[in-house]
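Working through the structure, step by step
The residues making up each chain are set out below.
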Amino acid sequence: MSTLRHHLAVVAAMARLGMAEAVAYRVSLLIWIVTSIFPLISLVLWRALAEDGPIGDYDQGDFDSYFVAAFLVRQLVASWVVWDLDRSVRNGDLSVLLLRPVSPVLHHVIINVSVLPLRLALAAPIGLAVLLATGGMQVLDDPTLWLLVPPVLALAWLLNFTVQLSVGCLAFWLTKAAPLFDLWLGAFLVLSGYAVPTSLFPAGLSEVARVLPFHAVLGFPVELMVGRLSWSEALVGLGLQAGWLVIIGAVAAVLWRRGLRAYGAFGA
Amino acid sequence: MSEPNASSETRAGGGLRRRRRRPRRAAVTGDGFEGRGALHRHLRLVAVQLRLRVLAALEYRTGFWSGGVLSLVWSIAGTVPLVVALEHRADIAGWTPWALCMLVGCHMIITGLFGALVQPSLYAAMDDIRTGALDYLLLRPVDALVSCLVADFEPWCLVEAVAGVGLLIVGMVGSGVHPSLPQLLTMALVLGCGVMALYALAVLALSLAFAALELQNLAYLMEAMLDFARWPISVFRGPLRALFTFVVPFAIMTSYPPMALLGRLDASAAVGALVTAVVLAGLARATWQRALRGYTSASS
């Protein structure tokens, strides 16, 4: 019992640490908020384009719902372990984390998760204001499907985290790996449904984009939350998420283990 | 010596947005710096910095792939939303596909120049402000702002700008326009205003760096916002249109030049572009001077 209490205390302390780090640079926080409202600019844009009739199966209201949900999901699945890990490998800060009784990976998980409530608290009023301005959004109306939303969001978060962890581990060999993450990010912005729903893509490209991990991180949870998916589609999407997580998680685990050996060999 | 650092970091990172240490003393110790006119000094500084960076770029040719080809690929990938919109519509807010091709060309010119000239200098100068290395720049017999704005270049990123010029010409041929000389001049004028506005925004960001120091994500924000410059200004409504015309004038950078070539830009809009760019530049200069007065160096 006391070990459990001890673990909870450790987790709570680390969560407080993550929170404190997040609010320490207030200007950076502000810039991050501005960056994160980009889906809402997309909303205005596509809403204007859909003025004289729906685009594909999206009318103005559908675009409102889609992009507000995209904005919120992007907040909920965010993490930044790639930059932290990349830096701590290069300057040796990782050694300090390795000395602690908590795994550095778990450390990053807790630090990243602990800021999610803050992110949501900042994002929710913005989303709400947009909803008031545009006249509401439609959400999933099947209550049983809502049961899928928490696991889907958790998987999306884990996918994003493990991808970042994998790329960050490359820093063990490359010294600087964060720029490589730009490759993922560039493809993500185009293919995840962040800038435009993937179902509107030209035939062929759409089918390909929808099985890629980018869509599993953002587009799929969004489509689920605005009620565009049936039970069977939702389960297929969930399966894809799990499949990608197994693959990327395995890569991350291998890279992390081998990387730690390379890191020790460096003597950093 | 700082150059070996640059090589190892470049080879190791090979990333999109990397920063390099640069041999900045070379510009100062060059001969013939004293006793000439101010303009001569400034031009020489720009020429020396350009030459050094071009030499470095030719030395590290991986930059051709990471800086040139890759940014070109992103640029093309970034047009996917436009392509999607054209998939469902014959035109976008009055812009035919060929006119949009011209607009995307202008966008690539602007982002290419941003990646090659503006962003590297911005990163380098922000670094100097944070570390106090700005002291050395202030000692130069040239304007400190000029020193900051030529602090670094990424010549390979110009690949994107060149491709943009190509796309602009393709768009012109495709839409069958034969612009008259005044129309060409107007295009050059508004594109110039666009570049000026871009620099003004960069200087404003740089001035902010004096107060907040850790602001590299401000440059990232600018880069991310540039994605919206790929849409014609007529798509935007209300406050966003005003924002993108006067405050962050994407309209001047990407929409106005093709409109000038198509003969759809009226004189008042051209004058408005000029005024906006000049006002932004003046504001940037004033903010910079104010910020510089507050600079206390890092160690003192």
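On a predicted model such as this, the values are computed, not experimentally measured, just so you know. (Residues numbered from 1 in each chain as written. Chains lettered and ligands numbered in written order. Predicted model: local features only at pLDDT ≥ 70, side-chain atom pairs only at ≥ 80, totals over all residues. Heavy atoms only, no water.)

What to know about the interface of chain B and chain A
Across the contact, 34 residues belong to chain B and 36 residues belong to chain A. Here chain B is connected to chain A by two salt bridges. B:Arg237 is the salt-bridge partner of A:Glu51, the closest N and O atoms lying 2.7 Å from each other. Elements with a minimum of two residues in the side of chain B that touches chain A: helix H1 (3-13), helix H4 (62-77), helix H5 (80-88), helix H11 (216-225) and helix H12 (238-247) of chain B. Class assignment of the residues belonging to the side of chain B that touches chain A gives a composition of 23 nonpolar, five polar and six charged. (Contact = heavy atoms within 4.5 Å. Salt bridge = Lys/Arg side-chain N within 4 Å of Asp/Glu carboxyl O. Helix = DSSP H or I, 4+ residues; strand = E, 2+ residues; numbered from the N terminus. Nonpolar A, V, L, I, M, F, W, Y, C, P; charged D, E, K, R; others polar.)

Section: a nonpolar patch on the surface
Residues and elements named next belong to chain B. Taken together, the side chains of Leu 189, Met 196, Leu 274 and Val 278 make up a nonpolar region of the molecular surface, amounting to roughly 300 Å² of accessible area. Only helix H10 (181-212) and helix H14 (267-293) provide two or more residues apiece to the nonpolar patch. With respect to the helices, strands and loops of the structure, Met 196 is situated in helix H10. What makes Met 196 partly exposed here is its relative accessible area of 34%. (Patch = residues over 30% accessible without salt bridge, like charges linked within 9 Å, V, L, I, M, F, W, Y side chains within 5 Å. Areas by Shrake-Rupley, 256 points an atom, 1.4 Å probe, with all protein chains shown as cover. Buried < 20%, exposed > 50% of the residue type's maximum accessible area, 1.4 Å probe, protein only.)

Focus on the pattern of salt bridges
All names here are of chain B. Applying the stated rule across the entire model yields 10 salt bridges over all chains. With a shortest N-O distance of 2.9 Å, Arg 53 and Asp 152 are connected by a salt bridge. One end of the pair, Arg 53, is in helix H3 (residues 38-59); the other, Asp 152, is in the loop between helix H8 (144-149) and helix H9 (158-174), and 99 residues separate them in sequence. Considered together, Arg 53 and Asp 152 belong to a single accessibility category, that of buried residues.

Here we look at the confidence of the model for chain B
Looking at chain B as a whole, its pLDDT mean stands at 83, while 84% of the residues score no less than 70. Note on residues 1-30 of chain B: pLDDT under 50 across the span, and 62 contacts to partners over four residues away in sequence or across chains. (pLDDT = per-residue confidence, 0-100.)

Overview of the nonpolar core
Grouped together as the largest cluster of nonpolar side chains are 141 residues, with contacts concentrated most on A:Trp46, A:Leu49, B:Trp231, B:Phe236, B:Phe244, B:Phe250 and B:Tyr256. Ignoring anything within four residues of it in the chain, the contact list for B:Phe250 reads B:Met225, B:Leu226, B:Phe228, B:Ala229, B:Phe244 and B:Ser255. In this structure, A:Val105, A:Leu116, A:Leu255 and A:Tyr263 belong to the second largest nonpolar core, which totals 18 residues. (Core = buried A, V, L, I, M, F, W, Y, C linked by side-chain atoms within 4.5 Å.)

Describing the packing of aromatic side chains
Summed over the entire model, instances satisfying the criterion amount to 18 aromatic pairs over all chains. Taken together, a centroid distance of 5.3 Å and an interplanar angle of 90° make the contact between A:Phe38 and B:Phe228 edge-to-face. Here B:Phe228 lies in the loop between H11 and H12 and A:Phe38 lies in helix H3 (residues 38-49), a pairing that spans two chains. Take A:Phe38 and B:Phe228: they sit in the same class, and that class is buried. Ring geometry for A:Tyr58 and A:Tyr66: centres 5.8 Å apart, planes at 85°, overall edge-to-face. You'll find A:Tyr58 and A:Tyr66 in the same group, each marked buried. Of note, A:Arg74 hangs over the ring of A:Tyr194, and the distance from its end group to the ring centre comes to 4.8 Å. In this structure, B:Arg264 packs its charged tip against the face of B:Trp95, placed 5.3 Å from the ring centre. (Phe/Tyr/Trp six-rings, centres within 6.5 Å; stacked < 30°, edge-to-face > 60°. Lys NZ or Arg CZ within 6 Å of the ring centre and 35° of its normal.)

Overview of H3(B)
Residues and elements named next belong to chain B. Between its first and last C-alpha, H3 extends 32 Å over 22 residues, near the 32 Å set by a 1.5 Å rise per residue. All of the buried residues along H3 are Arg 41, His 42, Leu 45, Val 48, Gln 49, Arg 53, Ala 56 and Ala 57. Buried residues of H3, seen end-on, are gathered within an arc of 165° and therefore sit on one face of the element. Turned more than 90 degrees from where H3 packs its buried face, Leu 39, Leu 43 and Arg 51 sit exposed. (Expected span 1.5 Å × (residues − 1). Arc of directions from axis to C-beta.)

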